[in-house]
Amino acid sequence: MDTLLLARLQFATTTSIHFLFVVVTLGLVTLLVGMQTAWVLTGNPKWERLTRYWGQLYVINYVLGIATGLVMEFQFGLNWSGLSRYVGNVFGAPLAIETLVAFFLESTFLGMWIFGWHRLGKGVHLALLWGVAITAYASAFWIMVANSWLQNPVGYEVRDGIAHLTDFGALLTNPSLGMAFGHVVSAALLVGGMLMAAVSAGHLIRRTPDFALFRTSLRIGLVTAALAITMVQGFGFAQFGPVSAVQPTKFGGDGPESQALIAEWTTRFGPGDYTPPVLASVGLGFMILIGFTLGCIWLLLPLLFRDWVIRLRFPLWLILLALPLPFIAVILGWISREVGRQPWVAYGLLPTEQAVSPVSAPLMLASLIGFSLLLGTLAVTNWVLLARHARRGAADPALGRPPAPPSEPAHPEPALL
């Protein structure tokens with residue numbers, strides 16, 4: 001057993017499962033903002049019911065997603081002490097901002113939104129949800145700032161064997177950041193839109209009583225997914241230029257720039273294999289294939305605005321069966337970005353083998369098994385709860401349910417003199 005391989009498998013497991021929770025959260029909160037804003041502006045109770053229904057699914061995913069995030073943080077601290085010691089002064093800055101500013105504010109706004117139904121004015125309650133969405137995007141931004149620095153270290157200098165931040169602005173203008181952040185946000189909107197469309201399609205296939213309500217959410221989900229897949233493709237292909245400039249060895253690059261860089265690394269770090277694993281290119285290829293497949297959503301969009309087509313059920317089954325595709329594409333995209341950086345944790349600066357903690361292989365294997373079982377349990381629990389509450393329909397979700405009026409006693413006590 002190899003400690004480094006086990007640590008990398010543990011990193012891949014924890015971060016990929018947590019990432020699935022993140023894209024669902026980011027995609028759904030955007031749709032929730034739109035639906036609750038429509039309710040406040042129009043007063044139509046349909047939008048309130050949709051907000052409560054989809055908000056309940058959002059809260060379930062958010063709460064369990066926090067638990068997966070804690071597991072991910074544990075594996076970072078346990079397995080990658082070399083990363084913290086060498087580049088923690090730089091890499092830790094955006095992570096600290098994400099935790100202190102974005103995540104804490106997001107959780108606070110969300111708690112007030114959950115318990116603020118029928119206690120706060122409509123405008124204040126809506127503002128809280130907008131706060132949740134804005135801080136969620138801010139959280140994703142700072143995470144991508146940190147990840148982009150690992151892809152392309154900038155704005156630092158090494159003193160006494162430790163990297164120190166010298167230019168905070170360079171982190172925000174990193175060539176690896178802009179298009180990648182747009183790609184992640186678009187992917188989250190695609191996941192959220194497809195999830196909404198698929199759940200709605202399931203209700204329409206079953207001919208549930210709320211046909212008109214789920215027809216509305218089906219159309220919202222499809223329009224969102226169609227627009228998002230176009231943005232996903234645009235931001236995805238736009239990344240090839242910056243990636244080739246800052247990571248010449250990625251995706252099997254063997255040009256003169258790659259060869260010169262490998263020669264420089266061989267001089268600095270010694271002989272080794274500085275070519276990324278082929279898995280990065282394979283993941284990229286399948287992700288592009290799924291992206292083009294999901295582009296066919298545009299062909300379904302005009303049809304589903306006619307009720308007689310919806311009642312045929314065949315297009316609805318296509319949407320329902322396509323639900324796993326954006327989740328698979330998200331994982332493949334993550335694999336392509338992260339594996340393509342190997343054998344570096346910080347590209348050209350810190351080799352992966354120097355970042356791993358000095359932990360024995362049996363102990364690393366034990367933590368891998370333990371964390372994998374825990375995360376697997378959380379993921380299964382999440383999907384079981386989502387499926388159960390999604391299937392119940394929008395008749396009377398627990399979220400936002402009006403408080404019951406106080407019941408009067410059956411035999412009131414006589415008044416005392």
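The model shown is predicted, which means the values in this text are computed figures rather than measured ones.

With that settled, consider the layout of surface pockets. Empty space among the atoms becomes visible once a probe the size of a water molecule is rolled across them. The computed volume of the second largest pocket comes to approximately 340 Å³. In terms of lining residues, the second largest pocket is bounded by 18 residues, among which Ala198, Val199, Leu320, Ala387 and Ala390 are the most central. Of all the secondary structure elements, the ones that give two or more residues to the lining of the second largest pocket are α1 (3-42), α6 (178-205), α13 (314-321) and α16 (361-392). Examining the composition of the lining of the second largest pocket, we find that six residues originate from one element, α6, more than from any other. Of the residues contributing to the lining of the second largest pocket, the split by class is 14 nonpolar, two polar and two charged.

Across its 32 residues, α16 extends 46 Å between first and last C-alpha, which sits within 8% of the 46 Å expected from 1.5 Å per residue. Buried residues of α16: Ala361, Met364, Ser367, Leu368, Phe371, Leu375, Leu378, Ala379, Asn382, Leu386, His389 and Ala390, and no others. Among the structural elements, α1, α2 (45-79) and α6 are those in contact with the buried residues of α16. Positioned one or two residues after α16, Gly393 has a phi angle of 90°, which is positive.

Of the residues in the protein, 96% reach a pLDDT of 70 or more, and the chain-wide mean stands at 89. Per-element confidence in the protein is highest for α6, whose mean pLDDT is 95, and lowest for helix α12 (residues 307-310), whose mean pLDDT is 73.

The residue after Gln342, namely Pro343, is reached through a cis peptide bond having omega 10°. With respect to the helices, strands and loops of the structure, Pro343 is situated in the loop between α14 (324-339) and β3 (344-346). Phi at His118 is positive, roughly 65°, even though this residue is not glycine. Examined against the element boundaries, His118 turns out to sit in the loop between α3 (81-115) and α4 (122-151). The partly exposed category is assigned to His118, whose relative accessible area is 43%. Even without being a glycine, Asp160 presents a positive backbone phi close to 55°. When its relative accessible area of 81% is taken as the criterion, Asp160 is described as exposed.

Together, Val278, Leu279, Val282, Phe286 and Leu289 line one region of the surface with nonpolar side chains, adding up to about 480 Å² of accessible area. Among the structural elements, Leu289 can be located in helix α10 (residues 278-294). Exposure remark for Leu289: the relative accessible area of 51% places this residue in the exposed category.

To continue, consider the environment of Leu312. Mapped onto the elements, Leu312 comes out in the loop between α12 and α13. Note on Leu312: relative accessible area 53%, which makes it exposed. Sequence separation between Leu312 and Ile205 is 107 residues; the distance between their C-alpha atoms is 9.0 Å.

How two helices pack is summed up by the angle between their axes together with the distance between the axes. As a packed pair, α2 and helix α7 (residues 211-238) sit with axes 11 Å apart at the nearest point and diverge in direction by 70°. By the criterion of interaxial angle, the relationship of α2 to α7 is roughly perpendicular. Both α2 and α7 take part in a crossing whose hand is right-handed. The segment α2 lies against α7, with Lys46, Trp47, Arg49, Leu50, Tyr53 and Trp54 engaging Leu213, Phe214, Thr216, Ser217 and Ile220. Along the lines of polarity and charge, the residues of the contact of α2 with α7 split into seven nonpolar, two polar and two charged.

Conventions and cut-offs
Residue positions are given per chain, counting from 1 as you read along its sequence in written order. At least 70 in pLDDT is required for a residue's local features to be given in this predicted model, at least 80 for side-chain atom pairs to be given and counted, and no such filter applies to totals for whole chains, interfaces and linings, which use all residues. Water and hydrogen atoms play no part in the side-chain values, which are based on all heavy atoms of the structure. Grid spacing is 1 Å over the protein atoms alone, the probe is 1.4 Å, and a cavity is where that probe fits but cannot get out, while a pocket is an open set with protein on both sides within 12 Å along at least five of seven lines and lining residues have an atom within 4 Å of a point. Grid points are joined across faces, edges and corners, and a volume is the space filled by probe spheres set on the points. Helix and strand definitions follow DSSP, with helices as H or I runs of at least four residues and strands as E runs of at least two, each counted in order from the N terminus. Charged means Asp, Glu, Lys or Arg here, nonpolar means Ala, Val, Leu, Ile, Met, Phe, Trp, Tyr, Cys or Pro, and polar covers whatever is left, Gly included. Between the first and last residue of a helix there are one fewer steps than residues, each counted as 1.5 Å, and that sum is the expected span. Throughout, exposure labels follow a simple rule: accessible area from a 1.4 Å probe, protein chains only, divided by the maximum for the residue type, with under 20% read as buried, over 50% as exposed, and the rest as partly exposed. By definition in these notes, contact holds between two residues if any of their heavy atoms fall within 4.5 Å. Note: pLDDT gives the predictor's confidence per residue, expressed from 0 to 100. In this scheme, patches are assembled from residues that exceed 30% relative accessible area and form no salt bridge. Like charges are connected within 9 Å, while nonpolar side chains (Val, Leu, Ile, Met, Phe, Trp, Tyr) are connected within 5 Å. Only the protein chains shown count as cover for residues, with accessible areas throughout obtained via the Shrake-Rupley method and a probe of 1.4 Å. The term salt bridge refers to a side-chain nitrogen of Lys or Arg lying within 4 Å of a carboxyl oxygen of Asp or Glu. Each axis is a line fitted through C-alpha atoms, taken for helices only over the stretch in contact, and angles between the N-to-C directions span 0 to 180 degrees. In these notes the angle categories are as follows: under 35 degrees is roughly parallel, over 145 is roughly antiparallel, 65 to 115 is roughly perpendicular, and the rest is oblique. The hand of a helix crossing depends on one turn: near helix anticlockwise from the far one by less than a right angle means left-handed, and clockwise means right-handed.

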